[in-house]
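A closer look at the structure
Take a look at the letters that make up each chain.
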Amino acid sequence: MCQLLAMNSSKPAALGFSFAGFAERGGRTDEHRDGWGIAYHSSGGCTLLKDHLAAIDSPLAASVQQHPVKATNIVAHIRKATQGRIAAENTHPFARELWGKTWSFAHNGDLKTWRPPANAYYQASGDTDSEQAFCHVLGHLRTRFPLGVPTRAALRSAITELAKDIAAHGSFNFILSDGELLFAHCSTHLHYVLREYPFSVAQLIDCERSIDFRQHNHLDDRIAVIATHPLTQNEDWQAFAPGELKLFAGGTLLPASENTQQGVFIQISY
């Protein structure tokens, strides 16, 4: 199956180090050769970069590593196709607009028995179960909250219910972000690490590369990184429980009882 990588940060930050190890799994240290993509959420909007080539063979992936972009929320994916052709339109992440924000989504799993409802508001451009599930999630949220952005607690509850319903039909590990919040749901495998003061040195598992975060971060920086499997061998990665949905904002993991109103949103595009 595919693999996921995401970052939620208190300030614009680059995912270059983690992406370097992640990209190795796109054909060198693992079998995910059927495309890759990355979505950057920043104050300027949401930017999507995608390629149907394997990450280790893609000039665009090499450029991402050499010239990393800073953003507050980043969603990345390497694909091993289970449903849908190997093509740009079937490469994750996918993006759609809801409530004046651009949402991005990436999925790891196989929803063999799930079918999208007919006449849905959002339509898939490709032929993957992943994009269809994303369209269904956003369409359901649009219908459930027609007046606009609900509270974080209400939004979290609605996405949790949707994830449970869809996951009953297969494996539904996913990352979903609106540029401020980042939702991560686990069916089988998902892990996270929080990088904050005091920072330390990290060593990638998939290649001979390390970084001293003390040389690159300030005392008030907070960064959450989520991945299908841990990317480094000397950090405290935490495993999600199957069926668990976690919510990250400002580089921190929000408690399940968090009930704060979402802030004012702005119109963004990609």
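First things first, this report covers the structure right here in the doc. Everything numeric in this text was worked out from a predicted model, so none of it was measured.

Conventions used here
- The written sequence of each chain sets the order in which its residues are numbered from 1.
- Side-chain atom pairs in this predicted model are given and counted only at pLDDT of 80 or more, local residue features only at pLDDT of at least 70, and totals for whole chains, interfaces and linings cover all residues.
- Computation of side-chain values covers all heavy atoms of the structure but excludes hydrogens and water.
- Between the rings of Phe, Tyr and Trp (Trp by its six-membered ring), a pair exists once the centres lie within 6.5 Å; its type follows the angle of the planes, with under 30 degrees stacked, over 60 edge-to-face, and the other angles tilted.
- Note on conventions: DSSP H or I runs of at least 4 residues are helices, E runs of at least 2 residues are strands, and numbering of each starts at the N terminus.
- Only protein chains enter the accessibility calculation, which uses a 1.4 Å probe; a residue whose area is less than 20% of its type maximum is buried, one above 50% is exposed, and one in between is partly exposed.
- Whether a charge lies above a ring is judged from NZ of Lys or CZ of Arg, which has to be within 6 Å of the ring centre and within 35 degrees of the ring normal.
- What counts as a disulfide here is a pair of cysteine sulfur atoms lying within 2.5 Å.
- DSSP bridges decide pairing: two strands pair if at least two such bridges lie between them.
- Salt bridge, as used here, is a side-chain nitrogen of Lys or Arg placed within 4 Å of a carboxyl oxygen of Asp or Glu.
- Here an axis means a line fitted to C-alpha atoms, over the contact stretch when the element is a helix, while the angle between two N-to-C directions is reported on a 0 to 180 degree scale.
- Angles below 35 degrees are treated as roughly parallel, those above 145 as roughly antiparallel, those between 65 and 115 as roughly perpendicular, and all remaining angles as oblique.
- Two helices cross in a left-handed way if the nearer one is turned anticlockwise from the farther one by less than a right angle. They cross in a right-handed way if the turn is clockwise.
- Contacts are residue-level and defined by heavy atoms, with any inter-residue pair within 4.5 Å sufficient.
- Amino acid classes used here: Ala, Val, Leu, Ile, Met, Phe, Trp, Tyr, Cys and Pro are nonpolar; Asp, Glu, Lys and Arg are charged; the rest, including Gly, are polar.
- Take the residue count of a helix, subtract one, and multiply by 1.5 Å to get its expected span.

**Comments concerning the packing of aromatic side chains**
- Using the criterion set out here, one finds twelve aromatic pairs in the structure.
- Aromatic pair F19 and F22: ring centres 6.5 Å apart, planes at 50°, arrangement tilted. Separated by three residues within a single helix, F19 and F22 lie in helix α1 (residues 16–24), roughly one turn from each other.
- Looking at F19, the relative accessible area reads 2%, which means it is buried.
- On the numbers, 5.0 Å between centres and 5° between planes, the contact of F105 with F134 is stacked. Here F105, found in strand β6 (residues 101–108), pairs with F134, found in helix α3 (residues 129–144); they are 29 residues apart in sequence, far enough to count as distant.
- Its relative accessible area of 2% is what places F105 among the buried residues.
- Its relative accessible area of 0% is what places F134 among the buried residues.
- Between the NZ or CZ atom of R142 and the centre of the ring of Y121, over which it lies, the distance is 3.5 Å.

**With respect to the state of the cysteines**
- Under the counting rule described, the total for this entry stands at zero disulfides.
- Free cysteine C135: the closest other cysteine sulfur is in C46, separated by 15 Å.
- Between C186, a cysteine without a disulfide, and C2, which holds the nearest cysteine sulfur, the sulfur-to-sulfur distance is 15 Å.
- The exposure class of C186 is buried, given its relative accessible area of 0%.

**Remarks on the pairing of strand β8 (residues 181–185)**
- The element β8 is extensively covered by neighbouring structure, given that five of its five residues are classed as buried.
- Burial along β8 is two-sided: L181, F183 and H185 facing one way and L182 and A184 facing the other are all buried.
- Looking at chain direction, strand β7 (residues 173–177) and β8 are connected through four bridges and run antiparallel. Note on β8: the bridge partner recorded for F174 is H185.
- Here five bridges tie β8 to strand β14 (residues 245–249), and the two strands are oriented antiparallel to one another. Across the sheet, residue L181 finds its bridge partner in β14, namely A249.

**A word on the pattern of salt bridges**
- With the rule as written, the count across this model stands at 16 salt bridges.
- With a shortest N-O distance of 2.8 Å, R152 and E180 are connected by a salt bridge. Note that R152 is positioned in helix α4 (residues 152–167) and E180 in the loop between β7 and β8, a separation of 28 residues in sequence.
- Overlapping salt bridges bring together K101, R152, D178 and E180 as one network.

**Regarding the packing of α1 against helix α2 (residues 59–66)**
- Closest axis-to-axis distance for the α1/α2 pair is 9 Å, and the angle between their directions is 155°. Taken together, the axis directions place α1 and α2 in an arrangement best described as roughly antiparallel. Between α1 and α2 lies a crossing of left-handed hand. Taken together, the residues of α2 that come into contact with α1 (itself represented by F19, A20 and A23) are A61, V64 and Q65.
- Classifying every residue of the contact of α1 with α2 gives five nonpolar, one polar and no charged.

**So, α4**
- Look at α4: 22 Å from first C-alpha to last across 16 residues, which is about the 22 Å you get at 1.5 Å a residue.
- On its buried face, α4 sits against β6, α3, β7, β8 and β14.

**Some remarks on the environment of T160**
- By the secondary structure assignment, T160 is in helix α4.
- Residue T160 is classed as partly exposed on the basis of its relative accessible area, which comes to 36%.
- C-alpha of T160 to C-alpha of S257: the two residues are 97 residues apart in sequence and 13 Å apart in space.

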